[in-house]
Amino acid sequence: WSCLTHVNCLDEELLVKMKAAGCYQIWFGVESGSQRLLDFCNKNLKLDTAREVFAMCNKHGIMTHALFILGLPGETREETKQTIDFAIEIDPCFAQFSLASPLKGTLMYDQMADSSLGLGKIVDFNEDHYDVFTNIVYIPAGRTGDELRAAHRMAYRRFYLRTHYVLHILPYLLKFPLRSLRAFIKAAVKQLILR
């Protein structure tokens, strides 16, 4: 079985019990490699805690899936780079990089829609376009949509096209459920080759 949790919810004792109970993969919403952005978005996550938890999971052979968002409110070019670098540093088995897409009724939407904050602007209000992978619906101040698309492509390529990554993931893939492995390969081809 696999699950999604917050890095604050795990310690080594619980992780060992989860592994003994058959947990093979844990998904974590890390969101950013910038502590400033995590604090601004009220994520209640410290980068050092994430480092410790991902190291524990690697130590105990539990696959990790880290979820990141590029283009958060007010994100700078340097913070985009920090997020990509952090994904590589914590070395999850899989990393997903989404584009910030604010949904109405959320704090993030309010922050992005409030031009007086100077964080950027929503450029597409049609929620049918909010797929987080291809459409740019929000652009942080001082950035462009083309730049965000390029950063999104670069994040996937920098993370997945590393010799270390291939060596790191091979032992896990041998234990991966076949259906999930097919989905992983399909997503990899789409993100790394077809884009």
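Quantities reported herein were computed from a predicted structural model and do not represent experimental measurements. (Residues numbered from 1 in each chain as written. Predicted model: local features only at pLDDT ≥ 70, side-chain atom pairs only at ≥ 80, totals over all residues. Heavy atoms only, no water.)

Details of the packing of helix H3 (residues 47–59) against helix H4 (residues 77–90)
At step 1: The contact between H3 and H4 brings their axes to 9 Å, and the two run at 35°. Contacts between H3 and H4 pair Leu47, Ala50, Arg51, Phe54 and Asn58 from the former with Phe86, Glu89 and Ile90 from the latter.
At step 2: For the contact of H3 with H4, the per-class residue count stands at five nonpolar, one polar and two charged. (Axes fitted to C-alpha atoms, helices over the stretch in contact; angles between N-to-C directions. Helix = DSSP H or I, 4+ residues; strand = E, 2+ residues; numbered from the N terminus. Contact = heavy atoms within 4.5 Å. Nonpolar A, V, L, I, M, F, W, Y, C, P; charged D, E, K, R; others polar.)

Comments concerning a nonpolar patch on the surface
At step 1: A cluster of nonpolar side chains, contributed by Val166, Leu167 and Leu170, occupies part of the molecular surface with about 280 Å² of accessible area.
At step 2: Inspection of the secondary structure puts Leu170 in helix H7 (residues 163–173). (Patch = residues over 30% accessible without salt bridge, like charges linked within 9 Å, V, L, I, M, F, W, Y side chains within 5 Å. Areas by Shrake-Rupley, 256 points an atom, 1.4 Å probe, with all protein chains shown as cover. Salt bridge = Lys/Arg side-chain N within 4 Å of Asp/Glu carboxyl O.)

Some points on the sheet that holds strand S1 (residues 2–5)
The strands that make up a sheet are held in pairs by hydrogen bonds between backbone atoms, and each pair lies either parallel or antiparallel.
At step 1: The strand order across the open sheet formed by four strands is S1-S2-S3-S4, and the pairing between neighbours is parallel. Strands with a single pairing partner mark the edges of an open sheet, and in this sheet they are S1 and strand S4 (94–99). The sheet shows a mean angle of 20° between the axes of neighbouring strands, taken without regard to direction.
At step 2: Direction of pairing for S1 relative to strand S2 (residues 25–31): parallel, over a ladder of four bridges. Residue pairing in the sheet places Thr5 in a bridge with Phe28 of S2.
At step 3: Against the sheet, H4 makes contact with S2, strand S3 (63–70) and S4, and its axis sits at roughly 180° relative to S3, the strand it touches most.
At step 4: Lying over the sheet, helix H6 (residues 145–160) contacts S3 and S4, oriented at roughly 180° with respect to S4. (Pairing = 2+ DSSP bridges.)

Observations concerning the packing of aromatic side chains
At step 1: Per the counting criterion, the structure on display carries eight aromatic pairs.
At step 2: The interplanar angle of 80° and the centroid separation of 4.8 Å between the aromatic rings of Phe159 and Tyr160 together place this pair among those described as edge-to-face. The same class applies to Phe159 as to Tyr160, namely buried.
At step 3: With centroids separated by 5.3 Å and ring planes inclined at 55°, the aromatic side chains of Phe159 and Tyr165 adopt a geometry described as tilted. Summarising the burial analysis for this pair, Phe159 and Tyr165 share the class buried.
At step 4: Among the aromatic residues, those joined into a cluster by ring pairs are Phe68, Phe97, Tyr156, Phe159, Tyr160 and Tyr165.
At step 5: When the ring centre of Phe159 is taken as origin, the NZ or CZ atom of Arg162, which lies over that ring, is 4.7 Å away. (Phe/Tyr/Trp six-rings, centres within 6.5 Å; stacked < 30°, edge-to-face > 60°. Buried < 20%, exposed > 50% of the residue type's maximum accessible area, 1.4 Å probe, protein only. Lys NZ or Arg CZ within 6 Å of the ring centre and 35° of its normal.)

So, the pattern of salt bridges
At step 1: Counted according to the given criterion, the structure contains 14 salt bridges.
At step 2: Residue Glu13 is joined to Lys17 by a salt bridge in which the shortest nitrogen-to-oxygen separation is 3.5 Å. Residue Glu13 and its partner Lys17 are both found in helix H1 (residues 12–20); the two are separated by four residues, about one turn of the helix.
At step 3: In this structure, Asp85 engages Lys81 in a salt bridge whose closest nitrogen and oxygen atoms are separated by 2.7 Å.

A look at empty space enclosed by the protein
Empty space among the atoms becomes visible once a probe the size of a water molecule is rolled across them.
At step 1: Taken as a whole and judged by the stated rule, the model has one cavity of 30 Å³ or more.
At step 2: For the largest cavity, the calculated volume is near 30 Å³.
At step 3: What lines the largest cavity is Leu70, Gly71, Leu99, Ala100, Ile136, Val137, Tyr138 and Leu148.
At step 4: Of the residues belonging to the lining of the largest cavity, the class tally is seven nonpolar, one polar and no charged. (1 Å grid on protein atoms, 1.4 Å probe; cavity = no way out; pocket = protein on both sides within 12 Å on 5 of 7 lines; lining within 4 Å. Points joined across faces, edges and corners; volume = space filled by probe spheres on them.)

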